[in-house]
Structures are given as structure tokens and as C-alpha cells.
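# Reading the structure
Here is what each chain is made of, one letter per residue.
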Amino acid sequence: MFALYWFWFPGKRPFGATMVLLHVKCKDESQFLFETTVEVSLEELTKEIACIYNRRLKVERICFEIQELADHGITLPPNMQGLTDEQIEELKLKDEWSQKCEPSGGSVFKKDDIGRRNGHAPNEKMKDVLKKTIEEAKAIISKKQVQANICVTMNMVKDALDQLRGAVTIVYPMGLPPHDPIRMEFENEEDLSGTQAAQQVIEDSEAQLWWAGKELLRKQKLKDFVGKNEKTKIIVKIQKKGQGAPAREPVVSGEEQKQMMMYYYKKQEELKKLAENDDDSCLDSEWADPHALKRQFQGVKDIKWGPR
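### Quick look at the pattern of salt bridges
- Evaluated as defined, the whole model comprises 17 salt bridges.
- Measuring nitrogen to oxygen at the nearest pair gives 3.2 Å for the salt bridge that ties Lys 58 to Glu 190. Linking Lys 58 in helix α1 (residues 42–72) with Glu 190 in the loop between α6 (181–186) and α7 (196–200), this pair joins segments that are 132 residues apart in sequence.
- Relative accessible area serves as the criterion here: at 26%, Glu 190 is assigned to the partly exposed category.
- Here Arg 117 and Asp 180 are joined by a salt bridge, their closest N and O atoms 3.5 Å apart.

Shown next, in the form of C-alpha cells:
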């Protein structure tokens, strides 16, 4: 008796899996791979892809803010941000959260030149906890996962967020001030108005999926566009409503075009070398004369015309 086993790793496609593989892009930039089925409702699919897309952006924003937290401590109250020490003293402003939100193991002062954070950064040990967690979270949502053929799921993005939340809790067991952007992100109360980050977010109600120049209408199923073959890999693009059809994927990818250019350049150089080596001066030599043997038999080999 023989038993057949297959092993599955989270995010990896098991051998022989019959799932539709979506390569999700925004504009021309790869975002992530996502597995689904042709039977899925496009309403459900669009919402799930938009949710993963937005949660990945949230992870990136939190990672940036945690890096700032590790370097310069918690955020100052809004009415103190951007002010100099003299202005703060003159206005008699006080940060009431500075002592309440002291990092574990004490703090190391490192002034924030921008004047956004209070400068009481965690010590080196706690800083390493934050930085290592940032690296792990970034690896989970990295766009390099596309090249590694690893699919991203909602659970993976949630794990990244949970890891970041856990690291912040370890370093700041008393929590962060309510105005700190990290806490606001975790509580889904972030205010992105007027920022570049706000332009990147695509709400699920405004999200559209496109494939091969066609909008994947929410009222239909995926099989209505790509057929019933589950072993399909397609590139879909996500964007906001009202932006029109996105640019189609080029017939030849950038890497393939680069390889073709290298091949033709190499052939051109080879042809140049052949042209340089095409020297026919040897045809004037005596041994290259096709009539030399005939003249030798006729005894007219050494006859020269003209006066001597």
C-alpha cells in the first residue's frame, strides 16, 4: 500500500491546487497575489481585494510611525507640535502624557528636529524589539512576495498588524496617547485628510477591478469573464471608480524586452566582426588564380606584356 501526502505552507500554493491565481496590480505596480475560485461573486472578490490592499497600506503607515516612535518617542499633543522649546515655555504648555507613557526600561533623550515627538525614545533593547517587528511585518506584506509566488491573505495582514500591536504594547505597557497616530491607526480612527496616503486608499465601495481592458462588474461572477477553468492566472488591476479603463498590460514585459535588446545587440556585434574579417585581398595571390594550371601546361605562365 502506498500513501500519497502533500504538504501545505501558509501562503504557498500546494502542488496540484486548482485555484484561480490573481496577480493584483495598482496602475502598473505589482501589489500581491491572491487565490480564489471562478465561482466567486465579484462583489465579494472586489471587497476582499480592496480590504487587503488597504490593510497593507495601513501596515506600511504604522511601520513608518513605529520607526519614528523608536527614534524619538511618543507624539506631542497637537497644540505643541512644531513649536520650539522657547515657544512652549512662553505659552506655558505641558505634555501631560510624557510621564504616563514612559517606555519600559526608561527612555533615552533624542530630540526630534521636526518637533513632532517628545524626544524620549526607548532604550536600545526596546528599540530593537520595535525594529525587528517592523522588518517582520514589512516582509509579510512585501511586494517581493509576488516574485516568490506567495499569496497574501487577510489573515496574513492581520497577523502583521497583531505583531506590530504586540511590540508596541511590550515597549509601552501603559499605552500610547490618544492623539498618537499609531494608536489611532490601531483603533481605525486615523485622519488621512490632506495627506498623500489618503490618495492611495481605495474604499471598497469605490473599488473597481479590471482585467484585459474589461471592468469586472460586481453583479456577476468571475467565471462570466475568465471562463470555468480553475487553473487560470490573470492580472487584475484595482482602482477607484471614475478613472476610466487602466492601461493594458504590454504584450512583451520589460524584462523580456531587455533580453531581446541584449540578444539583437549581441548579433549586431557578431555581424560587425564578420564584416571586419571579410578580407578578400588573398584573391590576388597566385595560388588563388583559377587559370594558373592551364597557363602552365600551355607554357605561357611567365609571359609579360609591355616593354622591358
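### Looking at the sheet that holds strand β1 (residues 20–26)
- The mixed open sheet is built from 5 strands, whose spatial order is β2-β1-β7-β5-β6. The strands lining the two open edges of the sheet, one partner per strand, are β2 (29–36) and β6 (214–215).
- When strand β5 (residues 207–211) meets strand β7 (residues 233–240), the two strands line up antiparallel, connected through 4 bridges. Bridging across to β7, Leu 209 finds its partner in Ile 238.

### Section: the environment of Pro 181
- Looking at where Pro 181 falls in the secondary structure, it is placed in helix α6.
- By relative accessible area, which is 17% here, Pro 181 ends up buried.
- In this structure the C-alpha to C-alpha distance between Pro 181 and Ile 62, which are 119 residues apart in sequence, comes to 8.0 Å.

### Some words on the pairing of β2
- In terms of strand pairing, β1 meets β2 through 7 bridges, oriented antiparallel. Paired with Leu 22 across the bridge in β2 is Phe 34.

### Notes on the layout of surface pockets
- In this structure, the largest pocket occupies an estimated 500 Å³ of space.
- Cys 26, Lys 27, Tyr 53, Gln 199 and Gln 200 are the residues nearest the centre of the largest pocket, which is lined by 24 residues in total.
- Ranked by the residues each element gives to the lining of the largest pocket, the list is headed by α1, at 5 residues.
- Estimates place the volume of the second largest pocket at around 320 Å³.
- Taken together, 19 residues line the second largest pocket, and the ones lying closest to its centre are Leu 76, Asp 85, Ile 88, Arg 117 and Asn 118.
- Its residues placed into classes, the lining of the second largest pocket shows 6 nonpolar, 7 polar and 6 charged.

### A word on the packing of α1 against helix α4 (residues 124–140)
- Contact geometry of α1 with α4 gives a least axis separation of 10 Å together with a crossing angle of 165°. With respect to their mutual orientation, α1 and α4 come out roughly antiparallel. The element α1 and its partner α4 pack so that their crossing is left-handed. In this structure, α1 contributes Val 59, Cys 63, Ile 66, Gln 67, Leu 69, Ala 70 and Asp 71 to the contact, and α4 contributes Lys 127, Leu 130, Lys 131, Ile 134, Ala 137 and Lys 138.

Cut-offs used in this document
Residues numbered from 1 in each chain as written. Predicted model: local features only at pLDDT ≥ 70, side-chain atom pairs only at ≥ 80, totals over all residues. Heavy atoms only, no water. Salt bridge = Lys/Arg side-chain N within 4 Å of Asp/Glu carboxyl O. Helix = DSSP H or I, 4+ residues; strand = E, 2+ residues; numbered from the N terminus. Buried < 20%, exposed > 50% of the residue type's maximum accessible area, 1.4 Å probe, protein only. Pairing = 2+ DSSP bridges. 1 Å grid on protein atoms, 1.4 Å probe; cavity = no way out; pocket = protein on both sides within 12 Å on 5 of 7 lines; lining within 4 Å. Points joined across faces, edges and corners; volume = space filled by probe spheres on them. Nonpolar A, V, L, I, M, F, W, Y, C, P; charged D, E, K, R; others polar. Axes fitted to C-alpha atoms, helices over the stretch in contact; angles between N-to-C directions. Parallel < 35°, antiparallel > 145°, perpendicular 65-115°, else oblique. Left-handed = near helix turned anticlockwise from the far one by under 90°. Contact = heavy atoms within 4.5 Å.

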